Amino acid sequence: MRIKVKRCMLLCLAGLLLFSGGCKKGKEPKAGGYRIYYLNTEETQLVEEYCESSADDVESRVSEVLELLKEEPETIEYKSVFIGGVEVRDWELQETKLSLHFNEAYAKLDAASELLLRASVVQSLVQVSGVDYVRFYIEDQPLSDMEGKEIGYMRAEDFVQNTGSTLHSYQTADLRLYFSDKKGSALEAEEVSVRYNSNISMEKLIVEQLMKGPSSQDRKAVIPSGTKLLGVSVRENVCYVNFDEGFLNVAEQVNPRITVYALVNSIVDGGECSQVQILVNGETNITYQEIIDLSKPLSKDPELTREDEE
């Protein structure tokens, strides 16, 4: 499903919000409500308020959250993260991946304000049922870090979630992830730089980044769409990755062996484990796509990787 909403829809929704919903300091979210993240008056930390919802479908709820983020909260103690003339020009939702297109004012934000805005918007929007990932664009250009690397899709876990946390309560990592080539018959490496909560393990971070898919259109995702991650744990140098039954589907036009070893090779390269045990709903007595035996831990297979052509 692909939904594109222009700025006029946001403006129309603003009128509706004047008569319903609203934010309440210190309240716990009820079913269907959100925690909206604002700036403190010093513009150094994020603070949260519970906001009620008046929308009943995913596109209306996305618009509602964006409008709530843009509006100045009722209390004078908080400020909107949309400072310096920053606006969302339009957005697009494809399956559970939301792309936001900001105006040029976004590029003029200083580093601290930009990070706080990004954390606020992502953490607020992923509360909408039907939105799992958020990606930023400035006009039509993907948002990049200071080294020029595209940041790609983000989740709440990419940021520290406890209110009032400082800017330096998260870590950054450079990961080497493996995805499928265009033909679905070989692995290609992709270097990505991510920010993540220090409480998350490196192995879980790698799996979550693989599930987001590649940033390059020259590569294919390897984890079947709709797969849910049930858990990641490490014991005696083996990483145990537990998916739901969605993993048993086949990624579009990708060899099943490529799917399995994209996961194994990425974890072995980036984590502390030498083997990976894949489970589906806690079970290992599985032959994936009637080709690969998942009953025992698997080691890295470097022969499946196709080196980038110079």
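Procedures and definitions
- Residue indices follow the written sequence of each chain, beginning from 1 at its first position.
- For this predicted model, a pLDDT threshold of at least 70 governs which residues receive local features, and a threshold of 80 or more governs which side-chain atom pairs are given and counted, while totals over whole chains, interfaces and linings are taken from all residues.
- Side-chain descriptors were evaluated using all non-hydrogen atoms of the structure, hydrogens and water having been removed beforehand.
- A helix here means a DSSP run of H or I that spans at least four residues, while a strand means a run of E at least two residues long, and both kinds are numbered starting from the N terminus.
- Relative accessibility decides the category of a residue: with a 1.4 Å probe and only protein chains considered, values under 20% of the type maximum give buried, values over 50% give exposed, and everything between is partly exposed.
- Contact definition: two residues touch when any of their heavy atoms are within 4.5 Å.
- Every accessible area reported is derived by Shrake-Rupley at a probe size of 1.4 Å, with residue values counting cover from the shown protein chains alone.
- Pairing of aromatic rings covers Phe, Tyr and Trp, the last counted by its six-membered ring, and requires centre-to-centre distances within 6.5 Å; plane angles under 30 degrees mean stacked, over 60 mean edge-to-face, and any other angle means tilted.
- Expected helix span is computed as 1.5 Å times (number of residues minus one).
- All axes here are fitted lines through C-alpha atoms, helices being fitted over the stretch that makes contact, and every angle between N-to-C directions spans 0 to 180 degrees.
- Roughly parallel refers to an angle under 35 degrees, roughly antiparallel to one over 145, roughly perpendicular to one between 65 and 115, and oblique to any angle outside these ranges.
- By convention the crossing between two helices is left-handed if the near helix lies anticlockwise of the far one by an angle smaller than a right angle, and right-handed if it lies clockwise.
- Polarity classes work like this: nonpolar for Ala, Val, Leu, Ile, Met, Phe, Trp, Tyr, Cys and Pro, charged for Asp, Glu, Lys and Arg, and polar for all others, with Gly in that last group.

**Student:** Hey, could you go over the overall build of the protein for me, with residue numbers and the actual values?
**Tutor:** The number of helices and strands found in the protein is five helices and 17 strands. For the protein, buried positions account for 51% of its 310 residues. Excluding contacts between residues fewer than 6 apart, the proportion of contacts in the protein whose partners are at least 24 apart in sequence is 66%. Per element, the accessible surface of the protein, about 15300 Å² overall, is 45% carbon and sulfur.

**Student:** Tell me about the packing of aromatic side chains, and please be specific about residues and values.
**Tutor:** A full pass over the atoms with the stated rule returns six aromatic pairs. Centre to centre, the rings of Tyr106 and Phe136 are 5.9 Å apart; their planes meet at 85 degrees, and the pair counts as edge-to-face. Of this pair, Tyr106 sits in the loop between strand 7 (97-102) and helix 3 (111-125) while Phe136 sits in strand 8 (residues 133-138), and the two are 30 residues apart along the sequence. Taking the relative accessible area as the measure of exposure, Tyr106 reaches 2% and is therefore buried. Residue Phe136 is classed as buried on the basis of its relative accessible area of 2%. With a centroid separation of 5.0 Å and an interplanar angle of 25 degrees, the aromatic rings of Phe247 and Tyr288 are classed as stacked. Taken as a pair, Phe247 in the loop between strand 13 (238-243) and helix 5 (256-270) and Tyr288 in strand 15 (residues 287-288) lie far apart in primary sequence, 41 residues in all. Here Phe247 and Tyr288 have matching classes, each one buried. These aromatic residues form a ring-pair network of at least three members: Phe82, Phe102, Tyr106 and Phe136.

**Student:** Account for helix 2 (residues 58-70), with residues named and values stated.
**Tutor:** Taking 1.5 Å of rise per residue, 13 residues should cover 18 Å, and helix 2 covers 18 Å from first to last C-alpha, within 8% of that figure. Judged by how many residues are buried, helix 2 sits mostly within the fold: 11 of 13 residues are covered. Taken together, the buried positions of helix 2 are Val58, Ser60, Arg61, Val62, Ser63, Glu64, Val65, Leu66, Glu67, Leu68 and Leu69.

**Student:** Account for the packing of helix 4 (residues 202-212) against helix 5, naming residues and giving values.
**Tutor:** Between helix 4 and helix 5, the shortest axis-to-axis distance is 9 Å and the interhelical angle comes to 140 degrees. In terms of orientation, helix 4 and helix 5 fall into the oblique class. For the crossing formed where helix 4 meets helix 5, the hand is right-handed. In this structure, helix 4 contributes Met202, Glu203, Ile206, Val207 and Leu210 to the contact, and helix 5 contributes Ala262, Leu263, Ser266, Ile267 and Gly270. Counted by class, the contact of helix 4 with helix 5 contains seven nonpolar, two polar and one charged residues.

**Student:** Give a detailed account of the packing of helix 2 against helix 3, specifying residues and quantitative values.
**Tutor:** The contact between helix 2 and helix 3 brings their axes to 10 Å, and the two run at 145 degrees. Crossing of helix 2 over helix 3 shows right-handed handedness. Where helix 2 approaches helix 3, its residues Val62, Val65, Leu66 and Leu69 are matched on the opposing element by Ser120, Val121, Ser124 and Leu125. A breakdown of the residues in the contact of helix 2 with helix 3 according to their chemical character gives six nonpolar, two polar and no charged.

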